[in-house]
Amino acid sequence: MPGKYKYLLISILSLILADVSAQNTQVLYFMNLPQNHLLNPALRPSNSVYIGLPVLSGFNINVNNNFVNFSDVFLKGQPSDSIISVLNPKYNIDDFLAKIKNKNSLEPEVTVPLFGLGFSVGKTGYVFFDVNERIDGNIVIPKDLFKLAFKGNEGFVGSKIDLSSLRGDLKYYREFGLGYSKDFTNKLRFGVKGKLLFGVAAASIDNKALGITVNNDYSHTFNADITANFSAPLKVTKNADKSVESIVFDDSRLDNGSGIANFISGKKNIGLGLDLGATYDFSEKLIVSASITDLGFIKWKKDVTNLKSKGKFEFSGLNILDVVNGTKTIDEVGQDMIDSLKNSFKVTDSNTAFTTFLPFGLSLAGSYNLTKSFSVGVLSYSRFIGKQIRESLTLSANMNLGNAFSASISYTAENHKYDNLGAGLAFRPGIFQFYIVSDRLPVTWNKIKSDNSAVLIPANWNTFNLRLGMNLAFGNRIKKKNDKPMVLVE
Amino acid sequence: MIKKFLYLIFILMTFLTAGCVKETYDMNKLSKKAHISPTMAVSAIKGDISFSDIVKAGDTVLFGQDKSVTLIFKIDSVLDLSLADFVSLKNTGEFSAGPQADPNLPNPLFDNSKSTQLVAAIKPDSIDFKIDELLNNITGTFGIANPSITLNYSNPFLLPVELKLNFTGKRKDKTVDLNLTPFSLIHPVGLTDPAVKGSFIIDKSNSSLPDLVSLPPGKLYFYGKATMDLPGKANVDGSYISGNSRLTGSLEVKLPLEFRMNNFRFADTLDNFMKDDGGNKDNALNPENFKLLRVNITAKNGFPLGAAIKMSLYDSVTHTIKSAVDATGLIAPAPVDSNGKVTGVTETSTSIEFTQTFFSNINKTDKIIFFFTLNTTGNGAKDIKIYSDYRINFKASLVVKPDINLN
């Protein structure tokens, strides 16, 4: 095997075996749907015009967690068909903790398209404009926090309860995107999409350091350097020393329509975003593509509250010397300790604007057309969330019958799971184009009975992904070829 | 191929629609128990404490220049006799009675063999330390090495006065007498001489004082007599008196902290104060909510005293001890030299563990018996000395495993 191919193979295997997790709708990539330009702005649908309307255009929901399933939280047959929860004393909590990763993430993402429009310009150009409401969250809970809650701190003696990976980031913003793609050569097509972002509300934790060292003598050293940034109508109450006493949501700001409108307009929290993409046709059969999506940021200026706590505190027990010599009571010594702890981690607030960056994605794809309407594809999608990288690798088989029907099945290695089967289906009766896409089809289900009702939930819920909706589609750029055969004239 | 692919899609969609139920969870059979039991370990208290931090120097505690510690008690007006208090045995015959402050006091007997003696009874008195209950709960041996009592007196009488003082310590049915040999007071020589101030020391060389103090007594009785020998015919018109007309005296008790203890144990039985009386169901400190409570104590002890504690849950109905925690080697005593002075520190680590069995027995018992045992270095084989700069450095940490009910 030539060296470069060997390294390529090793790289691919590494991707599969590594901490594989991403968040996208990979199945969509090779389907003939207007929405695939969200993954690569160089991709274009075959229809000349599409329109997405509020509500009807559908929605996209992604929820990733990398640590628990229903069956991890509830255990059957202890005894017979009785069920115990993870909080039951019979549950071996070590079994549960063994399933917990060092960094446990929960990444919800909801996109609700408000409006979408795309149309052909000239022979190869395509313009698309869309407006989306987006909620994007990323919460990371360190394993040590679970161990601390369930097992206590004794297991950490001589080590550190490391909470430095604790992170929380939740953004609600509105995205206005205007894109254009065009063939630059017969083989190369570029696409670009600029985005104007209006932030509605955000909460973001900037965790530089957070941990508790538990020494062998059970003394503790608390260390924190953490800032929580909010852009939301909050009411902060302060103490005389300007430290924060309490913080509550100021719901009086949302008492009337104008208040609500002012809140959700997000006019002052402005950001920019960019998607870039390209496709290259090596041949009629082999096409490769790449894109970077969601490069961007939002500068949060409205209703900003920064809560900051930085300090270090060592606790090695109440010193009872003062009690012994009669200068203080034990209650006073205890109160002194609490005051000292409060002073060490005094929470102060400020109103400094802050910036959050969008988690951006990098897609590398290749497809091979086995026939005119049937192709196979491979897609690597990497999502960069701060210092974390999520990876997924998707293999798919795709069929696109003009504008009328598009279907795809896929296998995705993602999120520590290697049994992700996905599928997408789109069909177009007339001008209506319906679609449903999911990267993860629940192969097995759990039936949850309660009282007289029952619901089915996926047996594995590490990743939930669903995109469905309806487009209004007009025209079709795929036309029958009417080339005449070349005739050799002698 | 298209046909095959459509078949595949069809199968897939069927699979999606029908699904495959892996497990059925009947949540009606979900156990309602929801508990967590984290084991929390935390430093509780610490201290680096010297003797002088605990006990301040003052009127009753004296720190010597060598930092030795002596306890001092003063008893005023032990002696207060005028000539009128003296009685001529020749004139009165048998002296049979003196003031009886306490019916338990022995009747002071006077030597009436000398017809030319004047005798005064020292008013019997007693001191009740009100520690009988405490002493009833104390066992083991305790010995103070060098106690002393100094009688400071002012004597106006020109003639020699001999004092016979007796102290009797009593603890339960055991009594120890001072066994002090009568001694003479110094006195003025000339008629115009002022009253003479003198002192007399009572210690282990002339009495059984160490035994008396080491009893230790719950009640101390003292009584005695003063005898004045008359040279020839008595002249009772006052010519035997110089200056102050009263013989007065006070006592100063000195207890240098030089002692030995061997299994000096205090035991007490208390009502079970931890028992749930059923009044407060929301009691956050319900002992049954603990699976484990362990107290870890580490000490660097610079005192020549070791301590041990034991706590037993006692059922007075069945007369059985249900559970006990025992910290025999709680604190070990520091090493001492041949003079009883500490030469270093002894480091001890002890865990006192209260198990779930112990907690479960709390509500099954009505009494708690405490034992607190002290031993000096060498288990009381030799005397040790206490100095004000002795220190103990200790840390106590708690390991708690609560059973937190989340229902």
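Residues numbered from 1 in each chain as written. Chains lettered and ligands numbered in written order. Predicted model: local features only at pLDDT ≥ 70, side-chain atom pairs only at ≥ 80, totals over all residues. Heavy atoms only, no water.

**Describing the overall build of chain B**
Here comes step 1: Within chain B, the regular secondary structure consists of six helices and 24 strands.
Here comes step 2: Buried residues in chain B amount to 44% of all 407 residues.
Here comes step 3: In chain B, 83% of the contacts between residues at least 6 apart in sequence involve partners at least 24 apart.
Here comes step 4: Only carbon and sulfur atoms are counted for the fraction: they give 55% of the accessible area of chain B, which is about 21,000 Å². (Helix = DSSP H or I, 4+ residues; strand = E, 2+ residues; numbered from the N terminus. Buried < 20%, exposed > 50% of the residue type's maximum accessible area, 1.4 Å probe, protein only. Contact = heavy atoms within 4.5 Å. Areas by Shrake-Rupley, 256 points an atom, 1.4 Å probe, with all protein chains shown as cover.)

**Looking at the interface of chain A and chain B**
Here comes step 1: Taken together, the contact between chain A and chain B spans 60 residues of the former and 50 residues of the latter.
Here comes step 2: Of the roughly 4,700 Å² buried between chain A and chain B, counting both surfaces, carbon and sulfur atoms make up 66%.
Here comes step 3: As a salt-bridge pair, Glu154(A) and Arg294(B) come within 2.9 Å of each other at their nearest N and O atoms.
Here comes step 4: If you look at where chain A meets chain B, you find 22 residue pairs in polar contact (both at pLDDT 80 or more).
Here comes step 5: Sort the elements by how many residues they give to the side of chain A that touches chain B and strand β25 (residues 445-450) of chain A lands first, with six residues.
Here comes step 6: Classifying every residue of the side of chain A that touches chain B by side-chain character gives 32 nonpolar, 20 polar and eight charged.
Here comes step 7: Summarising the sheet, strand β16 (residues 318-319) of chain A and strand β3 (residues 40-50) of chain B pair through two bridges and their orientation is parallel. Bridge assignment links Leu318(A) to a residue of β3(B), and that residue is Ile45(B). (Buried area = accessible area lost by both parts, 1.4 Å probe. Salt bridge = Lys/Arg side-chain N within 4 Å of Asp/Glu carboxyl O. Polar contact = N/O pair within 3.5 Å; in protein donor to acceptor, adjacent residues only side chain to side chain. Nonpolar A, V, L, I, M, F, W, Y, C, P; charged D, E, K, R; others polar. Pairing = 2+ DSSP bridges.)

**Comments concerning the side chain of Ser438(A)**
Here comes step 1: Residue position: Ser438(A) is located in strand β24 (residues 432-438).
Here comes step 2: Excluding its chain neighbours within four sequence positions, the residues that come into contact with Ser438(A) are Val27(A), Gly422(A), Ala423(A), Asn465(A) and Leu466(A).

**With respect to the sheet that holds β25(A)**
Here comes step 1: Judged by pairing direction, the sheet is mixed, and its three strands sit side by side in the order β26(A)-β25(A)-β1(B) without closing on themselves. Each end of this open sheet is capped by a strand with a single partner; those strands are β26 (453-458) of chain A together with β1 (21-26) of chain B. On average, each strand axis in the sheet is inclined to that of its neighbour by 20 degrees, with strand direction left out of account.
Here comes step 2: Bridging between β25(A) and β1(B) involves five bridges; their strand directions are parallel. If you follow Asn446(A) over to β1(B), its bridge partner there is Glu23(B). (Axes fitted to C-alpha atoms, helices over the stretch in contact; angles between N-to-C directions.)

**Comments concerning the pattern of salt bridges**
Residues and elements named next belong to chain A.
Here comes step 1: Considering all chains together, one arrives at 27 salt bridges over all chains under this definition.
Here comes step 2: Here Glu133 makes a salt bridge to Arg174, at a shortest N to O gap of 2.2 Å. Placement of the pair is Glu133 in strand β6 (residues 125-142) and Arg174 in strand β8 (residues 167-183), with a sequence separation of 41 residues. When sorted by exposure, Glu133 lands in the same class as Arg174, which is buried.
Here comes step 3: In this structure, the salt-bridge partner of Glu175 is Arg134, at a minimum N-O distance of 2.7 Å. With Glu175 in strand β8 and Arg134 in strand β6, this residue pair connects regions lying 41 residues apart in the sequence. You'll find Glu175 and Arg134 in the same group, each marked buried.
Here comes step 4: Because the salt bridges share partners, they merge into one network encompassing Glu109, Arg134, Glu175, Lys195, Asp275 and Asp294.

**Observations concerning a nonpolar patch on the surface**
Residues and elements named next belong to chain A.
Here comes step 1: A grouping of Phe119, Val121, Tyr180, Val192, Leu274, Leu276 and Leu295 is seen on the molecular surface, where their side chains present a nonpolar patch of about 480 Å² in accessible area.
Here comes step 2: Every element with two or more residues in the nonpolar patch is listed here: β5 (103-121) and β13 (270-281).
Here comes step 3: Here Leu295 is to be found in strand β14 (residues 286-300).
Here comes step 4: Taking relative accessible area as the criterion, Leu295 reaches 32% and is therefore assigned partly exposed. (Patch = residues over 30% accessible without salt bridge, like charges linked within 9 Å, V, L, I, M, F, W, Y side chains within 5 Å.)

**Section: the sheet that holds β3(B)**
Here comes step 1: With mixed pairing, five strands are arranged side by side in an open sheet as β16(A)-β3(B)-β23(B)-β17(B)-β20(B). Whereas interior strands pair on both sides, the edge strands pair on one side only; in this sheet they are β16 of chain A together with β20 (346-355) of chain B.

**Examining the pairing of β26(A)**
All names here are of chain A.
Here comes step 1: Bridge analysis of β25 against β26 gives six bridges, and the strand direction is antiparallel. Its bridge partner being in β26, Ile448 is matched across the sheet by Val455.
Here comes step 2: Hairpin connection of β25 to β26: two residues between the antiparallel strands, including Asp451 at a positive phi of 55 degrees.

**A look at helix α4 (residues 143-151) of chain A**
Here comes step 1: The complete set of buried residues in α4(A) reads Lys143(A), Asp144(A), Phe146(A) and Phe150(A). All buried residues of α4(A) project into a common sector of 155 degrees when viewed along the axis, lining one side.
Here comes step 2: In this fold, the buried residues of α4(A) make contact with α3 (93-98), β5, β6 and β7 (159-162) of chain A together with β2 (35-36) of chain B.
Here comes step 3: Gly152(A) lies just past α4(A) and shows a positive phi near 85 degrees. (Arc of directions from axis to C-beta.)

**What about the confidence of the model for chain B?**
Residue and element names in this part refer to chain B.
Here comes step 1: Across chain B, the average pLDDT comes to 81, with 82% of residues at 70 or higher.
Here comes step 2: Across chain B, the element-wise mean pLDDT spans from 45 in helix α3 (residues 89-92) up to 94 in strand β22 (residues 384-385).
Here comes step 3: This model gives residues 90-115 a pLDDT under 50, and the stretch forms 36 contacts once residues within four places in sequence are excluded.
Here comes step 4: Predicted confidence for residues 232-238 stays below pLDDT 50, and this span has five contacts to residues more than four positions away or in other chains. (pLDDT = per-residue confidence, 0-100.)

**Thoughts on the packing of aromatic side chains**
Here comes step 1: Summed over all chains, the structure comprises 27 aromatic pairs over all chains.
Here comes step 2: Ring geometry for Phe70(A) and Tyr25(B): centres 5.0 Å apart, planes at 80 degrees, overall edge-to-face. Note that Phe70(A) is positioned in helix α2 (residues 70-73) and Tyr25(B) in strand β1, a pairing that runs across two chains. Of the two residues, Phe70(A) and Tyr25(B), neither departs from the other in class, the shared state being buried.
Here comes step 3: An aromatic cluster is defined as three or more aromatic residues linked by ring pairs; in this entry it consists of Phe51(B), Phe63(B), Phe303(B), Tyr387(B) and Tyr390(B).
Here comes step 4: Here Lys341(B) stacks its cationic end above the ring of Tyr387(B), 4.7 Å away from the centre of that ring. (Phe/Tyr/Trp six-rings, centres within 6.5 Å; stacked < 30°, edge-to-face > 60°. Lys NZ or Arg CZ within 6 Å of the ring centre and 35° of its normal.)

**Section: the pairing of strand β22 (residues 405-414) of chain A**
Here comes step 1: Counting buried positions along β22(A) yields nine of ten residues, so the element is predominantly enclosed.
Here comes step 2: The loop that links strand β21 (residues 388-401) of chain A with its antiparallel partner β22(A) comprises three residues; one of these, Gly402(A), has a positive phi angle of about 55 degrees.

**Considerations on the side chain of Ser388(B)**
Here comes step 1: Locating Ser388(B) in the fold gives a position in the loop between β22 and β23 (391-402).
Here comes step 2: Apart from residues no more than four positions distant in its own chain, Ser388(B) is found in contact with Ser50(B), Phe51(B), Ser52(B), Phe63(B), Lys67(B) and Val69(B).

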